[in-house]
Amino acid sequence: MLRVASIRALGALAQMRSARPMLDRAQALLRSSSLPVGELLEIAAALGKILPNANHEDALHFLDRLRRAELHAPEVEVAFARIAPERFVNEFSLRDTDWRQVSAAVAGLQEIAALKEPASLKPRALQIAQRLADAPNTSDRVMPDVLRALQAFKPDGLVTTMIERLKAKDVFVRAAAADIVAELPASPESTTALLLALPAAAQDTQNDAALSIVGALAASKEGRATAALEIGRAHV
């Protein structure tokens, strides 16, 4: 725990000179017979904070080694996106079939939305997020993460995408969509979509979507939404 606390403290200080000892420690860990995954991911996360936009080749090589070791973790992809945002976007693969890797990569994509520079990256990253949201082969397991990444870019037509996802078969996809709708300005269109989605959600074995839809309806504060809430609460 002491070593992990030290890594986090160095990451919080964000001083570039801390990168070299961290990378030396990482190389030693990578030579271990059994990878200490937790510490390696802590180092990855810290490097992302220490080396923003640095395109630091040794750090990127370390992150690539974690990828090759199949450590499908958001810490790795977020660090890569912070250290080399343009390279991250350029190399983003829409062909990955492992949902864990896609989920981790989407976390990095969401990090791009928070960047101020270079501004030219955001439209390209948004296009990737939109393609993942629209693709029929995007796993339901990763779709909630994709929808959150898409929200981070604040695109035009976001509410339309979420309304469409309220019709999804997967309960967690519908829950994520409803949560995002709740955070957007209320509109008659979105309220209607929530009301239409509520009966099916009330029949789900798991109540995640129903709870999220009820929460979104409460946020809308429309009269017809308020009337439906009593019905909805009886089923969640």
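Placed above this text is the structure.
Parameters at a glance
Residues numbered from 1 in each chain as written. Predicted model: local features only at pLDDT ≥ 70, side-chain atom pairs only at ≥ 80, totals over all residues. Heavy atoms only, no water. Helix = DSSP H or I, 4+ residues; strand = E, 2+ residues; numbered from the N terminus. Contact = heavy atoms within 4.5 Å. Areas by Shrake-Rupley, 256 points an atom, 1.4 Å probe, with all protein chains shown as cover. Phe/Tyr/Trp six-rings, centres within 6.5 Å; stacked < 30°, edge-to-face > 60°. Buried < 20%, exposed > 50% of the residue type's maximum accessible area, 1.4 Å probe, protein only. Lys NZ or Arg CZ within 6 Å of the ring centre and 35° of its normal. Polar contact = N/O pair within 3.5 Å; in protein donor to acceptor, adjacent residues only side chain to side chain. Expected span 1.5 Å × (residues − 1). Core = buried A, V, L, I, M, F, W, Y, C linked by side-chain atoms within 4.5 Å. Salt bridge = Lys/Arg side-chain N within 4 Å of Asp/Glu carboxyl O. Axes fitted to C-alpha atoms, helices over the stretch in contact; angles between N-to-C directions. Left-handed = near helix turned anticlockwise from the far one by under 90°. Nonpolar A, V, L, I, M, F, W, Y, C, P; charged D, E, K, R; others polar.

Quick look at the overall build of the protein now. Helix and strand content of the protein: 14 helices and zero strands. Listing the helices and strands of the protein from first to last along the sequence gives α-α-α-α-α-α-α-α-α-α-α-α-α-α. Along the three orthogonal principal directions, the C-alpha set of the protein runs to about 60 × 40 × 35 Å. Of all intrachain contacts in the protein linking residues separated by at least 6 positions in sequence, the fraction that spans at least 24 positions is 63%. Accessible area for the protein stands at about 12,300 Å²; split by element, carbon and sulfur atoms hold 52% of it.

Under the defined criterion, the tally for this structure stands at two aromatic pairs. Ring centres 6.4 Å apart and planes at 45 degrees place the aromatic pair Phe80 and Phe88 in the tilted group. We note that Phe80, like Phe88, is buried. Look at Phe88 and Phe92: their rings are 5.8 Å apart centre to centre, the planes differ by 75 degrees, and that puts the pair in the edge-to-face class. Residue Phe88 shares its accessibility class with Phe92, and that shared class is buried. Among the aromatic side chains, those forming a connected cluster through ring pairs are Phe80, Phe88 and Phe92. The side chain of Arg67 reaches across the aromatic face of Phe80, ending 4.2 Å from its centre.

Here the focus is the side chain of Glu77. With respect to the helices, strands and loops of the structure, Glu77 is situated in helix α5 (residues 74-83). Among the polar contacts made by the side chain of Glu77, one reaches the side chain of Arg67 at a distance of 2.7 Å. Setting aside chain neighbours within four positions, we find Glu77 in contact with Arg67, Phe88, Gln101, Ala104, Ala105 and Gly108.

Now for helix α11 (residues 171-183). With 13 residues, α11 should reach 18 Å at 1.5 Å per residue; the first-to-last C-alpha distance of 19 Å fits that figure. Lining the buried residues of α11 we find α9 (143-153), α10 (158-165), α12 (188-202) and α13 (208-220).

Among the nonpolar cores identified, the biggest contains 74 residues, and Leu47, Phe62, Leu63, Leu66, Ile112 and Leu147 are the most heavily contacted of them. Take this core: its biggest share by element is eight residues, from α11. Those residues within four positions of Leu66 in sequence are excluded, and the remaining contacts are Leu30, Leu40, Ala44, Leu71 and Val76.

One pass over the full model with this rule turns up 14 salt bridges. Between Asp64 and Arg67 there is a salt bridge whose closest N-O contact spans 3.3 Å. Here Arg67 and Asp64 lie together in helix α4 (residues 57-68), a separation of three residues that amounts to about one turn. When its relative accessible area of 18% is taken as the criterion, Asp64 is described as buried. Residue classification places Arg67 among the partly exposed residues on the basis of a relative accessible area of 23%. The shortest N-O distance in the salt bridge between Glu183 and Arg148 comes to 3.2 Å. Of this pair, Glu183 sits in helix α11 while Arg148 sits in helix α9, and the two are 35 residues apart along the sequence. One connected set of salt bridges, linked through shared partners, spans Glu57, Asp64, Arg67, Glu77, Arg87 and Glu91.

Once that is clear, we can look at the packing of helix α3 (residues 37-50) against α4. One way to put it is that α3 packs onto α4 with a least axis distance of 11 Å and a crossing angle of 145 degrees. Our pair here, α3 against α4, has a crossing hand that is left-handed. Counting all contacts with α3, which are made through Leu40, Ile43, Ala44 and Leu47, the residues of α4 involved are Ala59, Phe62, Leu63 and Leu66. Each residue belonging to the contact of α3 with α4 can be placed in one class, and the counts come to eight nonpolar, no polar and no charged.

Once that is clear, we can look at unusual backbone geometry. Notably, Asn53 is not glycine yet its phi reads approximately 60 degrees, a positive angle. Positionally, Asn53 belongs in the loop between α3 and α4. In the Ramachandran plot, Asn55 falls in the positive-phi region, its phi being about 50 degrees despite a non-glycine side chain. With respect to the helices and strands, Asn55 occurs in the loop between α3 and α4.

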